[in-house]
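Coordinate analysis (summary)
For reference, the chains in residue letters:
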Amino acid sequence: MQHTIDDIVTIHGVGLHSGQLVTIKLLPAIENSGIIFKSLDGQEIKAFYNNVQCTNMSTKLSNGNFSVDVVEHLMASIWGMNIDNLIIEVDNIEIPILDGSAIKFTNEIKKGFLFFLICSERPIHEIIHPNFKEQRAAFKNQFSGMTAEAFTDRKSTRLNSSH
């Protein structure tokens, strides 16, 4: 089962980096559409890992023509509320910072009520770095032969990584 909101939610605030007033509108979306950021002139970008352009001081999504910054707190709230499909209309270059956490976004989203979409389960994308197995083996080899002591109840237990 997938989820969206049942009503439009409007959030006003100030952009962290621009200092400008920002208004976002959260709109219900159909099944399997995902989380979509949309500019007032109709440009869209999906909240998908390959659209992450930058994570320096904030998370910026970009598709080359349209970018939106400081999405991480809103996205945390959306994820925490198990929302799968949502359109986020943005009138500026960034999401408002509000109090710097996800709680105010969560409280506002609750006003839009959750709506259950009766459909197939959403697709799950597993992201595995191509060299994951090699990296894991190299990491494990880096610490082979090392020993450490773990102290519990004032007794020492010797641990050896070769076991």
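Here's what I pulled together on the structure shown here. (Residues numbered from 1 in each chain as written. Predicted model: local features only at pLDDT ≥ 70, side-chain atom pairs only at ≥ 80, totals over all residues. Heavy atoms only, no water.)

**Section: helix α1 (residues 72–80)**
Residues L74, S77 and I78 constitute the buried set of α1. All buried residues of α1 fall inside an arc of 100 degrees around its axis, so they share one side. Opposite its buried face, α1 presents the exposed residues W79 and G80, each directed more than 90 degrees away. Tucked inside the fold, the buried residues of α1 contact β3 (21–28), β4 (35–39), β9 (86–90) and α2 (103–111). Looking one or two residues beyond α1, the residue adopting positive phi is N82, at roughly 60 degrees. (Buried < 20%, exposed > 50% of the residue type's maximum accessible area, 1.4 Å probe, protein only. Helix = DSSP H or I, 4+ residues; strand = E, 2+ residues; numbered from the N terminus. Arc of directions from axis to C-beta. Contact = heavy atoms within 4.5 Å.)

**Structural notes on the pairing of β3**
Bridging between strand β2 (residues 9–14) and β3 involves 6 bridges; their strand directions are antiparallel. Across the sheet, residue T10 finds its bridge partner in β3, namely K25. The turn linking β2 back onto β3 is made up of 6 residues, and G19 within it adopts a positive phi angle of 70 degrees. (Pairing = 2+ DSSP bridges.)

**Quick word on the packing of aromatic side chains**
This structure, assessed with the given rule, holds 1 aromatic pair. Ring centres 4.9 Å apart and planes at 45 degrees place the aromatic pair F48 and Y49 in the tilted group. (Phe/Tyr/Trp six-rings, centres within 6.5 Å; stacked < 30°, edge-to-face > 60°.)

**Things to note about the nonpolar core**
By size, the foremost hydrophobic cluster in this structure holds 23 residues, and its most contacted members are I24, L26, F37, L74, I88 and I95. Mapped onto this core, the elements with two or more residues apiece are β2, β3, β4, α1, β9 and α2. (Core = buried A, V, L, I, M, F, W, Y, C linked by side-chain atoms within 4.5 Å.)

**Focus: the pairing of β9**
Of the two faces of β9, the one holding L86, I88 and V90 is buried and the one holding I87 and E89 is not buried anywhere. As judged from the 5 bridges shared by β3 and β9, these two strands associate in the antiparallel manner. Note that in β9 the partner of L26 across the bridge is I88. Taken together, the 5 bridges between β4 and β9 define a ladder with parallel strand orientation. Directly across from S39, in β9, lies its bridge partner V90.

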